[in-house]
Amino acid sequence: MSDSIEKLCGTGSGGMRSWRWYLSKVMRLFLRWFRLCPRRGRRKRSSRIRDLWNYGTVLLKSLYYNVQTNSDTVLDCVFEPIYWLVDNMTRWFGVVFVSLVIVLTSSIVIIVYLCVLPIIFSTYPVHWILWHLCYGHWNLLMLVFHYYKATTTCPGFPPQEKSDIPTVTICKKCIVPKPARTHHCSICNRCILKMDHHCPWLNNCVGHFNHRYFFSFCLYMTMGCVYCSISAKDMFLDAYDAIESSYQTPPPAFTHQERMVHKSLVYLWVLTSSVAVALGSLTLWHAVLITRGETSVERHINRRERKRLKLRGKIFRNPYHHGKINNWRRFFGVEKRSDWLTRVLLPSCHLPHGDGLTWDCPAYRNNTVAI
Ligand SMILES: [Zn+2]
Ligand SMILES: [Zn+2]
């Protein structure tokens, strides 16, 4: 009984042990606290660093978070400086390219007037002279008119303010809604209605309002080059022989003016033949796209879509395809038969079919986009 009271009160011999025991207990606690102190500090510090790291990561991710983000977006970001450089260079090169088109075309026209036409006048019968005069001047007029219009006509931009126009997506660069067939041009740094491509030779984007001018320019330039290379073929062969013969001994007695004419005819034929082949191929490619009711940008998108649907056992149908002839009618803005003459074969400033913001799609109307 007394032992139990001693234990409870901590007095007596048992009380002395209890006091030591308490002291050792306090010392042990102190030591443990002392040992734990730096460990606890390290833990706090490491957890604080980890927290800061996690916070920073979340903050960084939140700044770039986008539900659409994928590997393509990451690659785009990585190559952004290169794109910027190419875009700026193309913008500046555009001025050089336009000057080149004007200088080279003018040089050919001058050679035709100074060298080719005098030979035609002196050697050809009257009906051929009339044909060359009429066709040559008509082709030149169409070429100059369409080049001027293609370079100066605005391709068309979507509205910047809020509107009721149906849109398909939002442009990542402009942060404005994009109507169907609209794409962003990184060189113009704007969204372009029914964008086909950015043409450095025009220093302008080819879009809804100048697509016809661009194609007509390509067509009339090709026709003009083919015309020049065919008309001047015999003259080129004679001039080439004359230049070759100048290396003979004794050299033929050509005057300085005759030698200049020979060189000019060779230059004319080589340049026009090369441009006829190169530009002819491009024009043919654009003619195929117009027949299919596609733009150059849509060609890639539709091909990808066609493959994707094929894997699912479905067939892709271009929603902007109205039939081969109708596509051409819409493209040239032909409404009645006489328009083929007044709007295609003569210079015309009429506006294209539609406003470039909304499109009537026969495939959608018949609900046969993918079957
Ligand atoms: Zn844009
Ligand atoms: Zn552009």
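Below is a summary of the structure that appears in this document. (Residues numbered from 1 in each chain as written. Chains lettered and ligands numbered in written order. Predicted model: local features only at pLDDT ≥ 70, side-chain atom pairs only at ≥ 80, totals over all residues. Heavy atoms only, no water.)

**Examining the coordination of the zinc ion (ligand 1)**
For a metal bound by four donors in tetrahedral geometry, the ideal donor-metal-donor angle is 109.5 degrees, whereas six donors in octahedral geometry ideally sit at 90 or 180 degrees. Around the zinc ion (ligand 1), the donor atoms from the protein are Cys-171 (SG), Cys-174 (SG), His-184 (ND1) and Cys-191 (SG), and they sit 2.0 to 2.3 Å away. One can describe the site at the zinc ion (ligand 1) as tetrahedral: its four donor atoms subtend angles covering 99 to 127° at the metal. In the primary structure, the donors to the zinc ion (ligand 1) are separated according to the pattern C-x2-C-x9-H-x6-C. Judged by its relative accessible area of 25%, Cys-174 falls in the partly exposed class. (Donors = N, O, S within 2.8 Å, 3.2 Å for Na, K, Ca; no water. Tetrahedral: all angles 85-135°; square planar, octahedral: opposite > 155°, others 65-115°. Buried < 20%, exposed > 50% of the residue type's maximum accessible area, 1.4 Å probe, protein only.)

**Focus: the coordination of the zinc ion (ligand 2)**
Summarising the metal site, the zinc ion (ligand 2) is bound by the protein donors Cys-185 (SG), Cys-188 (SG), His-198 (ND1) and Cys-205 (SG), whose distances to it range over 2.1 to 2.3 Å. Seen from the zinc ion (ligand 2), its four donor atoms lie at angles of 101 to 117°, and the figure they make is tetrahedral. Every donor residue of the zinc ion (ligand 2) comes from the same chain, spaced as C-x2-C-x9-H-x6-C. Linking Cys-188 in the loop between β3 (183–185) and β4 (190–192) with His-198 in strand β5 (residues 197–199), this pair joins segments that are 10 residues apart in sequence. For His-198, a relative accessible area of 15% puts it in the buried group. (Helix = DSSP H or I, 4+ residues; strand = E, 2+ residues; numbered from the N terminus.)

**Description of the layout of surface pockets**
The calculated volume of the second largest pocket comes to roughly 890 Å³. Residue lining of the second largest pocket: 41 residues in total, with Thr-105, Leu-143, Met-221, Cys-225 and Val-275 positioned closest to the centre. Of all elements in the fold, only α4 (80–123), α5 (126–152), β5, α6 (211–231) and α8 (256–292) reach the threshold of two or more residues within the lining of the second largest pocket. At 11 residues, the largest contribution of residues to the lining of the second largest pocket is made by α4. When grouped by side-chain class, the residues that make up the lining of the second largest pocket number 30 nonpolar, 11 polar and no charged. (1 Å grid on protein atoms, 1.4 Å probe; cavity = no way out; pocket = protein on both sides within 12 Å on 5 of 7 lines; lining within 4 Å. Points joined across faces, edges and corners; volume = space filled by probe spheres on them. Nonpolar A, V, L, I, M, F, W, Y, C, P; charged D, E, K, R; others polar.)

**Remarks on empty space enclosed by the protein**
Within this structure, the stated rule accounts for one cavity of 30 Å³ or more. Taken as a whole, the largest cavity spans an internal volume of roughly 340 Å³. Forming the boundary of the largest cavity are 23 residues, of which Arg-181, Lys-194, Arg-330, Phe-331 and Trp-359 lie nearest the centre. Among the elements of the structure, α6, α8 and α10 (324–332) are those that each provide at least two residues to the lining of the largest cavity. Classifying every residue of the lining of the largest cavity by side-chain character gives eight nonpolar, nine polar and six charged.

**Comments concerning the pattern of salt bridges**
Close approach of charged atoms lets side chains of opposite charge pair. Under the definition given, this model contains six salt bridges. Note that Arg-330 is salt-bridged to Asp-360, the shortest N-O span being 3.0 Å. Taken together, the residues Arg-330 in helix α10 and Asp-360 in the loop between α11 (339–344) and α12 (362–365) connect sequence positions 30 residues apart. Owing to a relative accessible area of 26%, Arg-330 belongs among the partly exposed residues under this scheme. For Asp-339, the salt bridge is made with Lys-336, and the minimal N-O distance between the two is 3.7 Å. Take Asp-339: its relative accessible area is 3%, and that puts it in the buried class. According to the relative accessible area criterion, Lys-336 is exposed, its value standing at 53%. Through salt bridges that share partners, Glu-294, Arg-299 and Arg-306 make up one connected network. (Salt bridge = Lys/Arg side-chain N within 4 Å of Asp/Glu carboxyl O.)

**Comments concerning unusual backbone geometry**
In this structure, Arg-181 takes a positive phi of about 75° despite not being glycine. Here Arg-181 shows up in the loop between β2 (177–179) and β3. Residue class for Arg-181 comes out buried when judged on its relative accessible area of 10%. Of note in this structure, Lys-194 is not a glycine but carries a positive phi near 40°. Among the secondary structure elements, Lys-194 is positioned in the loop between β4 and β5.

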